[in-house]
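# Examination of the molecular architecture
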Amino acid sequence: MMRGAMTRGSASRGATSRGAIAYAHARIRACKSRLLTRADAAPLFTAADAASMQRAIAAIGVESPMQRLLRVYQTAIRGYRDGVPLFRALLQLHEIENVKLLWRATSKPVPPTLIARLWIDLGDLASFPILHAATPNELATQLAATPYAGIAMTAARAHGSDIAAAELAFDRWASQRLLAEGRLLPQRESIARRLIELVVLEREAQLLLRGAKWYGLASVARSGVPNAAIDITALRRERLRLCRRAFVGSPFLLAPAVAVLLLAEEELRAVRALIERMGDERLDAPMIRASAGSQLGSQGGA
């Protein structure tokens, strides 16, 4: 079972926990049933212009795909108390983008309207609101009461206004945080642990290519792009396979919740790619890669 009650709790607490987790499992399965399948998303695949795409979006209820994802996080966080640190670390992969956005704004003036447009609104799950800082040090100070205090101060000292280096540091920190939480799971949570490892592996592959591009390592970037695309697609497909397996075993594990969160994350990625594609066959390849780990990329769902 999970840390605490699910691994070493007393007999009385264990009975209570099993009941609570059974309820949480039912709630998370309900979230899974509301995720889009390929058949559900068919209008997004066939929409060929802005008007038909807007009708398709309204018809299947994905006007706010990020809010759909956040509702799954809220369900998981409320239901699986011992999984909260892991779920928060997974959510931080989104919130670190807000940190990076604010960091970039310290290097050159950014209109508040642009920051607001690019801001990822995490609602009640956010660790901090939009901040206004003139320097990296000032921003690090403003982040002192958040989970990003340590990495912000380190990035300010080590990288200052070197935005590329700071962004790589933030992304690497977020990956390490997630991996550390995954490794705290007990051995019986092998599927959940492997799912988290696959998320981190994909991020590391993307960071390698981004770093090569930023620092002008042209030979690495040229040789890495095709292979990385294949590898990332394979990683996403393996994640999808494991997400399916997560519901075959015991309901008293964290794996089903992790699986549904990752399926919801992949749905967000796939829906965005389909909206961007809008019938343009030249964007088929990136759309296929984007949907490889989702139920939208599978004929039979998950």
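Above this text you will find the structure in question.
Read on for an overview of the structure. (Residues numbered from 1 in each chain as written. Predicted model: local features only at pLDDT ≥ 70, side-chain atom pairs only at ≥ 80, totals over all residues. Heavy atoms only, no water.)

### Description of the side chain of glutamate 266
So the rule is basically this: Numbering goes from the N terminus for both helices and strands, where a helix is a DSSP run of H or I of at least four residues and a strand is a run of E of at least two. Contact criterion: two residues are considered in contact whenever any of their non-hydrogen atoms come within 4.5 Å of each other.
Within the secondary structure, glutamate 266 sits in helix α13 (residues 255-277). Beyond its immediate stretch of four places on either side in the chain, glutamate 266 contacts Arg236, Arg239, Ala290, Gly293 and Ser294.

### Looking at unusual backbone geometry
Put simply, the rule reads: Buried means the residue's accessible area, taken with a 1.4 Å probe over protein chains only, is under 20% of the maximum for its type, while exposed means over 50%, and partly exposed covers the values in between.
In the Ramachandran plot, methionine 278 falls in the positive-phi region, its phi being about 45 degrees despite a non-glycine side chain. Its location among the elements puts methionine 278 in the loop between α13 and α14 (284-291). Classification of methionine 278 by relative accessible area gives partly exposed; the value is 29%.

### A short note on the side chain of threonine 146
Along the polypeptide, threonine 146 turns up in the loop between α8 (136-142) and α9 (149-158). Owing to a relative accessible area of 12%, threonine 146 belongs among the buried residues under this scheme. When neighbours within four sequence positions are excluded, threonine 146 is seen to be in contact with Ser127 and Phe128.

### What to know about the environment of arginine 18
With respect to the secondary-structure elements, arginine 18 resides in helix α2 (residues 11-33). On the accessibility criterion, arginine 18 (38% relative accessible area) is partly exposed. Considered as a pair, arginine 18 and phenylalanine 252 are 234 residues apart in the sequence and their alpha carbons are 6.7 Å apart.

### Topic: the packing of helix α5 (residues 65-79) against α13
Our working rule: Axis angles are defined between N-to-C directions and span 0 to 180 degrees, where every axis is a line fitted to C-alpha atoms and, for a helix, only to the segment in contact. An angle counts as roughly parallel when it lies under 35 degrees, as roughly antiparallel when it exceeds 145, as roughly perpendicular when it falls between 65 and 115, and as oblique in every other case. Put simply, Ala, Val, Leu, Ile, Met, Phe, Trp, Tyr, Cys and Pro go in the nonpolar bin, Asp, Glu, Lys and Arg in the charged bin, and everything else, Gly too, in the polar bin.
Remark: α5 packs on α13, axes separated minimally by 9 Å, with the N-to-C direction vectors making an angle of 175 degrees. The pairing of α5 with α13 is recorded here as roughly antiparallel in orientation. Note on element contacts: α13 touches α5 through Val260, Leu261, Ala264, Glu265, Glu267, Leu268, Val271 and Arg272, opposite Pro65, Met66, Arg68, Leu69, Val72, Tyr73 and Ala76. By residue class, the composition of the contact of α5 with α13 is 11 nonpolar, no polar and four charged.

### Topic: the packing of aromatic side chains
What counts is decided by this rule: Note on aromatic contacts: the rings of Phe and Tyr and the six-membered ring of Trp form a pair at centre separations within 6.5 Å, being stacked when their planes are under 30 degrees apart, edge-to-face when over 60 apart, and tilted otherwise. In our convention, an over-ring charge means Lys NZ or Arg CZ found within 6 Å of a ring centre and within 35 degrees of that ring's normal.
This structure, assessed with the given rule, holds five aromatic pairs. Ring geometry for tyrosine 80 and phenylalanine 87: centres 6.3 Å apart, planes at 90 degrees, overall edge-to-face. Owing to a relative accessible area of 1%, tyrosine 80 belongs among the buried residues under this scheme. Judged by its relative accessible area of 1%, phenylalanine 87 falls in the buried class. Every member of this aromatic cluster is reached through a ring pair, and the members are Trp119, Phe128, Tyr148 and Trp173. The ring of phenylalanine 252 has arginine 18 lying over it, and the distance from NZ or CZ to the ring centre is 3.9 Å. Positioned above the aromatic ring of phenylalanine 45 is the side chain of arginine 38, whose terminal nitrogen or guanidinium carbon lies 4.5 Å from the ring centre.

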